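Summary of structural features
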Amino acid sequence: MQSPLDYRQEGPIAILTMNVPETRNAISSEDMIAAFEDACARMNADMSVRVAIVTGAGPSFSSGGNVKKMSGEGGLSDRLPAQTRRNYKLGIQRIPLAFDGLEVPVIAAVNGHAIGAGCDLACMCDIRIAGESAKFAESFVKLGIIPGDGGAWLLPRVVGYSKACEMALTGDMIDAQEALKIGLVSRVVPDAQLMDEAKALALRIAANPPHAVRMTKTLIRKGQETSLQALLDLSSAYQALAHATADHTEAVAAFLEKRKPTFTGQ
């Protein structure tokens, strides 16, 4: 059986492609959830992976939940509300937790629509690049539900409280240029150049010492949810680790010798 999430590695870049175009790459199924968990664990364990790209096969990035299953059986909703709660905790909520524990920087290459949980999936990534035809919507309210996948935590940290409220309370769709204006994405590129631009950015990240990159990404994440003193304490510990790496020694030597450094992850 084909995995719903294609995982391939090109040099230091892991490319994760959601591959269920018939559902517009819905991410609420158990096999997709498990595939994201497995991919995050795999990347954390593999130091040859220095950066990742997440994108979607077909015309959409991700539709989020499978709306067709909301009207029948097989979705997250259950006749018993307590079980519905468990279905979310044991289901789609595993994806944001997997991304939260991921040390590898992740770029979302958003092609086409990123709707509902698909928009939130993009927000789980560290950097977002959009093709010019990309569309975004925090659209749960349009279906009479709420962001059950952590969107109420994720979106305000990306676009700010006021804009997050506007998006979530109206459910309105925005285009790539509006997404750029509000900081939901960092750049918009022609659709045909989306993956090339994402890979070029990934290679610029991968050119740096991998331990320093992973620790820096973790510090930025932790900085969104902890006190300054706690982050300074963690930064001191990480800096002690960074100073002890061979890559730090190589970086300083290369700077002094005016040459390009060679980083080995040691």
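Heads up: the structure comes first, above all this text.
Residues numbered from 1 in each chain as written. Predicted model: local features only at pLDDT ≥ 70, side-chain atom pairs only at ≥ 80, totals over all residues. Heavy atoms only, no water.

Our focus in this paragraph is the overall build of the protein chain. From N to C terminus, the protein chain includes 12 helices and 9 strands. What you see for the protein chain is a C-alpha radius of gyration of 19 Å, in line with the 18 Å of a compact globule of 266 residues. A buried classification covers 44% of the 266 residues belonging to the protein chain. Counted over contacts in the protein chain with a minimum sequence separation of 6, partners at least 24 positions apart contribute 69%. Side chains of the protein chain carry 27 positive and 29 negative charges; the gap between the two charge centres is 1 Å. (Helix = DSSP H or I, 4+ residues; strand = E, 2+ residues; numbered from the N terminus. Rg over C-alpha atoms; globule rule 2.2 N^0.38 Å. Buried < 20%, exposed > 50% of the residue type's maximum accessible area, 1.4 Å probe, protein only. Contact = heavy atoms within 4.5 Å. Lys, Arg positive; Asp, Glu negative; His and termini not counted. Charge placed at Lys NZ, Arg CZ, Asp CG, Glu CD.)

For the rest of this paragraph, the subject is helix α6 (residues 151–159). Along α6, the residues classified as buried are Gly 151, Leu 154, Leu 155, Val 158 and Val 159. Buried residues in α6, looked at end-on, bunch into an arc of 95°, giving them a common side. Its buried side turned inward, α6 meets α5 (117–124), β6 (127–131) and α7 (161–170). Downstream of α6 by one or two residues, Gly 160 has phi in the positive range, about 90°. (Arc of directions from axis to C-beta.)

Another point: the sheet that holds strand β1 (residues 5–10). Sheet architecture is open: 6 strands sit in the order β1-β2-β3-β4-β6-β9, paired in mixed fashion. Each having just a single partner strand, β1 and β9 (187–189) make up the two edges of the open sheet. Each neighbouring strand pair of the sheet contributes to a mean axis angle of 20°, computed without reference to strand direction. Pairing between strand β4 (residues 106–110) and β6: 4 bridges, direction parallel. Residue Ile 107 lies in a different strand from β6, and its bridge partner there is Ile 127. (Pairing = 2+ DSSP bridges. Axes fitted to C-alpha atoms, helices over the stretch in contact; angles between N-to-C directions.)

This next bit is on unusual backbone geometry. Unusually for a residue other than glycine, Arg 24 sits at a positive phi of about 55°. Looking at the secondary structure, you find Arg 24 in the loop between β2 (13–18) and α1 (30–45).

Turning our eyes to something else, we now look at the environment of His 243. Among the secondary structure elements, His 243 is positioned in helix α11 (residues 228–243). Accessibility expressed as a relative area gives 48% for His 243, which makes it partly exposed.

Another aspect to go through is the nonpolar core. Counting residues in each nonpolar core, the largest one holds 52 residues, and the members touching the most others are Phe 36, Phe 99, Phe 136 and Leu 184. With 7 residues, α1 is the single largest residue contributor to this core. Discounting chain neighbours no more than four positions away, the residues touching Phe 99 are Phe 36, Cys 40, Val 54, Val 106, Leu 121, Met 124, Cys 125 and Arg 221. The next biggest cluster of nonpolar side chains, apart from the first, holds 15 residues, and it includes Ala 109, Ile 129, Ala 202 and Val 213. (Core = buried A, V, L, I, M, F, W, Y, C linked by side-chain atoms within 4.5 Å.)

One open sheet holds the 3 strands; their spatial order is β5-β7-β8, and the pairing between them is mixed. Bordering the open sheet on either side are β5 (113–115) and β8 (173–175), each of which pairs with just one other strand. Averaged over neighbouring strand pairs, the angle between their axes works out to 15° when direction is ignored. Examined bridge by bridge, β5 and strand β7 (residues 135–137) share 3 bridges and lie parallel to one another. Across the sheet, His 113 pairs through a bridge with Lys 135, a residue of β7. Seen against the sheet, α5 touches β5 and β7 and runs at an angle of roughly 100° to β5.

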